[in-house]
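Fold and geometry: a report
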Amino acid sequence: MTGTWRSRLSRSLWGVADYRNLWMSQTASLCGTGITLLALPLVALHGLDASAFEIGVLWAVEYLPILLFGLPVGVWVERLPLRAVMVAADAVRAAALLAVPTALALDALSMPLLYAVTFLIGLGTLFYDVAQLSVMPALVAEDRLVDANGKLELSRSVSQIGSPAVGGVLVQLLTAPLAVLADAVSYLASAYFVLRIRTPAPASPPAEHSSLRRNIGEGVRFVFGHPLMRPLLLCATLAELASAIILALQVVYASDGLSMSPAVIGVALAVGNGGGVVGALVAEPFARRFGTGRAFVVSIVLFTAGTAVLPMASGPVTFAAGMFVAYLGALVFNVLQVSLCQAVTPPHLLGRMNSVFRFATWGVIPLGAAGGGLLVDHIGLQGVFWIAAGLNAVAVLPVLFSAIPRLGEVVHHGADQPAPKAMAGETRERSEDPVTDGR
């Protein structure tokens, strides 16, 4: 019995020590971040009597580093040891959060300080995510990337459900400034697990260390010139814009538009996030059974259908159902998109590829949130949610008119400009060694 268990573990990603440490690092970080999303606004509200506008600015400042450094960060990450970047990012975020209770103790807490803390958290998250996405392909075999990214997205979805509840309890028991300490500790735990990773990450060739502008341009040209990544980037950016509109207004819509109580809203949103958990679990087996291309198309149809249900919702059940389907499709798409892009990108371009995607998809989040809020006065909440559904419907077009629907499996990069080779019905042999295949 023990031998069978060990055999199964050796074939599972949980048996890959370095991947397990990466998963633990991200999970610890995500759980703490979920607490801070609740704690920092409460610090501003109760400790500084902040206005609604100031809370909105506090939320937007976290995305400012993406607009300022979203493209060059890929070049910088490629020129540095990836694990060192991740550890430094965790250390910066932990130090920033520790400044909150320290300032409170010294009676020096202020909104400018909270803005600075939020900016540093956003900056650290940007560096950490680009480095983490770049180091992943060195830790697992390519035929296991979908499964590996699915497990990471699963921890993200679970943290989105559980962390706010845990944060609420901690704020209630410890007060908001002390609850922020939990997030600081989580970043230190994240750094510890990164330090336990032993597989060396691929280093950039010396020739790549040219001018910053040239390196950024090469990354942008690679993504937009790639027959698979260009349509995925266009689709993901439009979908993220729609998602930003919905996330910014979901509570207002549920409360004012559907007359739901706070408790019912909380349950409905938890059910919606549950769709993300299911999506992370089914992405890999679904793509393996029906092919990556078909899975992409189905995922887009799902999150489009889910968002189309929202403006037609008549109560908490239909609202929760729409959110569930939208999250289900979005998480399947995210897992497949990240895995495909990692597989077809040469190691020396991973940082720049990831930064281009982060810049485009995360950069539109403040625009979507602000734009949706401005349109409410003119067309109403229901009209704004119809616009979000329309954006998702348009997002499917770049994918449909590309080679993606015909993909069978995630393909190997092989060259700087690979063509889609693995079509429906094809099979390929792959190495089970996580550090072979040119890594």
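Right above here is the structure, for reference.
Everything in this summary refers to the structure shown in the same document.

Definitions and limits used
- The residue numbers shown here count from 1 along each chain, following its written sequence.
- Note on the predicted model: pLDDT of at least 70 is required for a residue's local features to be given, and 80 or more for side-chain atom pairs to be given and counted; whole-chain, interface and lining totals, by contrast, use all residues.
- No hydrogens and no water enter the side-chain calculation; it runs on all heavy atoms of the structure.
- Strands are runs of DSSP state E lasting at least 2 residues, helices are runs of H or I lasting at least 4, and numbering of each runs from the N terminus.
- Throughout this description, buried means an accessible area under 20% of the type-specific maximum (1.4 Å probe, protein chains only), exposed means over 50%, and partly exposed covers the range between.
- The contact rule is simple, with two residues in contact once any of their heavy atoms fall within 4.5 Å.
- We define a salt bridge as a side-chain nitrogen of Lys or Arg found within 4 Å of a carboxyl oxygen belonging to Asp or Glu.
- What counts as a ring pair is set by centres within 6.5 Å for rings of Phe, Tyr and Trp (its six-membered ring), and what kind of pair is set by the plane angle: stacked under 30 degrees, edge-to-face over 60, tilted for all other angles.
- Placement of a positive charge over a ring is assigned whenever Lys NZ or Arg CZ falls within 6 Å of the ring centre and within 35 degrees of the normal to the ring plane.
- Under the convention used throughout, the expected extent of a helix is 1.5 Å for every residue step, that is, one less than its residue count.

**Re the overall build of the protein chain**
- What the protein chain contains, in helices and strands, is 16 helices and 0 strands.
- Put simply, the protein chain has 439 residues, and 53% of those count as buried.
- Put simply, 84% of the contacts in the protein chain that link residues at least 6 apart link residues at least 24 apart.

**Looking at the pattern of salt bridges**
- In the structure shown here, the tally under the stated rule is 4 salt bridges.
- A salt bridge links R93 to D90, with the shortest nitrogen-to-oxygen separation between them at 2.6 Å. Placement of both R93 and D90 in helix α6 (residues 82–105) is noted, with a separation of 3 residues, approximately one turn of the helix. D90 matches R93 in its accessibility class, with the two residues each being buried.

**Let's talk about unusual backbone geometry**
- Phi is positive for D107, which is not a glycine, with a value near 55°.
- Residue classification places D107 among the exposed positions, given a relative accessible area of 74%.
- With phi around 55°, S259 is a residue other than glycine that occupies positive phi space.
- Mapping S259 onto the fold places it in the loop between α11 (229–257) and α12 (262–290).

**What about the packing of aromatic side chains?**
- As enumerated under the stated definition, the model contains 8 aromatic pairs in all.
- Aromatic side chains Y253 and F319 sit 6.3 Å apart centroid to centroid with 45° between the ring planes, which places their arrangement in the tilted category. On the criterion of sequence distance, the pair formed by Y253 in helix α11 and F319 in helix α14 (residues 316–344) is long-range, its members being 66 residues apart. We note that Y253, like F319, is buried.
- Ring centres of F303 and F333 lie 6.0 Å apart, and the angle between their planes is 85°; on these two criteria the pair is classed as edge-to-face. Of this pair, F303 sits in helix α13 (residues 292–309) while F333 sits in helix α14, and the two are 30 residues apart along the sequence. Taken individually, F303 and F333 each receive the classification buried, so the pair is uniform in this respect.
- The structure contains a cluster of three or more aromatic residues connected by ring pairs, namely F69, W76 and F127.
- It is R93 that lies over the ring of Y128; its NZ or CZ is 5.0 Å from the centre.

**Thoughts on helix α15 (residues 350–363)**
- Across its 14 residues, α15 extends 19 Å between first and last C-alpha, which sits within 8% of the 20 Å expected from 1.5 Å per residue.
- For α15, a buried count of 13 out of 14 residues is recorded, marking the element as mostly surrounded by other parts of the structure.

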